[in-house]
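Coordinates in review
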Amino acid sequence: MGSGILDRRNAGTRWMKMAYSVSEFTYQFDRLIYAHGDQLAELVKQGAPLIEHLLENRRSLSGILAHRREKEGYRARHLLHRHPAGAYTLWMMVFPAGRCTPVHDHGTWGLIGVWKGEEHEDKYERNGPPHIMSPLLTKTGETRNAPGAVTALLTPGRDIHSVRNPTDSPAYSIHIYGKASAPSHVFDLETGAQMTWHTHPAGIAKAWGYQPSLANLLGLRNVTSGELLNEIRRRLRDTADPNGQTYEAQ
Ligand SMILES: [Fe+2]
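Every chain is numbered on its own, with residues counted from 1 as its sequence reads. Whole-chain, interface and lining totals are the exception, using all residues; otherwise, since this is a predicted model, local features are given only for residues with pLDDT of at least 70 and side-chain atom pairs are given and counted only at 80 or more.

This part covers the overall build of the chain. Strands are runs of DSSP state E lasting at least two residues, helices are runs of H or I lasting at least four, and both sets are numbered from the N terminus onward. Within the chain one finds seven helices and eleven strands. Looking at the chain as a whole, 24% of its 250 residues qualify as buried. We call two residues in contact if the C-beta atoms placed from their backbones are at most 7 Å apart. Sequence-distant contacts, at least 24 apart, represent 68% of the contacts inside the chain between residues at least 6 apart. Three exposure classes are used, all based on how many other C-beta atoms lie within 10 Å of a residue's own C-beta (placed from the backbone): buried at 20 or more, exposed at 12 or fewer, and partly exposed between those limits.

Written as structure tokens, this is what we have:
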């Protein structure tokens, strides 16, 4: 039987877990970026417990979903935070039952923590140096990620994986990704062929099961509608005619 003091301490611990909000998480992660932004292995190592802590905060994460909508059967990505200098983005992903991703890389570091449901992950490594155009891949690991599990991606070389949800229920996970240092790819395991959003936007959209969108066809990922509009404006400015006429989006 616990003492009153311990009871109060436990109550305090529970309260602290409940109170760990997304903004507190990003405050702490910003400090990690400041301290270890150029030491990716250390950044990921120290960032993983922060993700674990955030995953314990069911009330805050449930509150986020209460104001978002998903299309049934489709993957959904809810942007929770973007670092002001672009060092990382934080997302809530919803992975429908029975769905799987293609084998892909991210071109950056990342941390993924399962909040609800279950995700199975296969990890791969390239055979040979990174500049090879058609790299054959070797499977290096397979994990079943239950709620609370956190996995890491590190570039170069340790950011290739595929994820599937073999259950009958959607899976919800928190993802944090660094600033991309290289384009992300989708790989064909048999031929080694690789596609990027820039070279094969329609093929990539199909591999991911997306309806090709304007953003996809422009080779953009993870952009808000405002960012998409700004990018279209920028490209239109770049195509201004020699007389100075520009074609601004309305
Ligand atoms: Fe991924």
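On to the nonpolar core, then. The nonpolar core is taken to be a set of buried Ala, Val, Leu, Ile, Met, Phe, Trp, Tyr and Cys residues joined by way of C-beta atoms within 7 Å. Ranked by size, the top nonpolar core spans 26 residues in total, and within it I51, L54, L111, W115 and I176 carry the most contacts. Elements supplying a minimum of two residues to this core: α2 (22-36), α3 (40-55), β2 (88-95), β4 (110-116), β7 (150-153) and β9 (171-178). For this core, the element with the highest residue contribution is α3, accounting for six residues. For L111, the contacting residues outside a window of four places in its chain are V44, G47, A48, I51, V150, A152 and I176. Judged by nonpolar contacts, the second largest core, of eight residues, contains V103, F187, M195 and W197.

In this section: the sheet that holds β9. Spatial strand order, β1-β2-β9-β4-β7: five strands in an open sheet with antiparallel pairing. Of all the strands in the sheet, the pair left with one neighbour each is β1 (76-82) and β7. Along the sheet, successive strands turn relative to each other by an average axial angle of 20°, direction set aside. Only the contacting stretch of a helix is used when fitting its axis, a line to C-alpha atoms as for every element, and angles between N-to-C directions run 0 to 180 degrees. Strands in contact with α3 are β4, β7 and β9; relative to β4, the strand with the most contacts, it is inclined by about 20°. Any two strands between which DSSP finds at least two bridges are classified as paired.

So, about the environment of F95. Within the secondary structure, F95 is located in strand β2. The class for F95 is buried, based on 23 C-beta atoms found within 10 Å. With sequence-adjacent residues up to four places away left out, F95 is seen in contact with R75, E119, N165, P170, A171 and S173.

Moving on, we come to the confidence of the model for the chain. Per-residue confidence from the predictor is reported as pLDDT, which spans 0 to 100. Looking at the chain as a whole, its pLDDT mean stands at 81, while 80% of the residues score no less than 70. A low-confidence stretch, residues 241-250 stays under pLDDT 50, and its non-local contacts, those more than four residues away or across chains, total eleven contacts.

Moving on: the environment of Y172. Along the chain, Y172 turns up in strand β9. A C-alpha to C-alpha distance of 6.2 Å links Y172 and V114, two positions 58 residues apart in sequence. Those residues in contact with Y172 that sit more than four places away from it in its chain are M92, V94, W115, K116 and G117.

The next point concerns the packing of α2 against α3. At a minimum axis separation of 10 Å, α2 and α3 run at an interaxial angle of 175°. Judged on the interaxial angle alone, α3 and α2 are roughly antiparallel. Across the interface between the two elements, F25, Q28, F29, L32 and H36 of α2 pack against E42, L43, Q46, G47, L50 and L54 of α3. The cut-offs work like this: below 35 degrees is roughly parallel, past 145 is roughly antiparallel, 65 to 115 is roughly perpendicular, and the gaps in between are oblique.

The next point concerns α2. Given a rise of 1.5 Å per residue, 15 residues ought to cover 21 Å, and the 20 Å separating the end C-alpha atoms of α2 matches this to within 8%. Next to the buried residues of α2 lie α3, β1 and β2. One less than the residue count of a helix, multiplied by 1.5 Å, gives the span that helix is expected to have.

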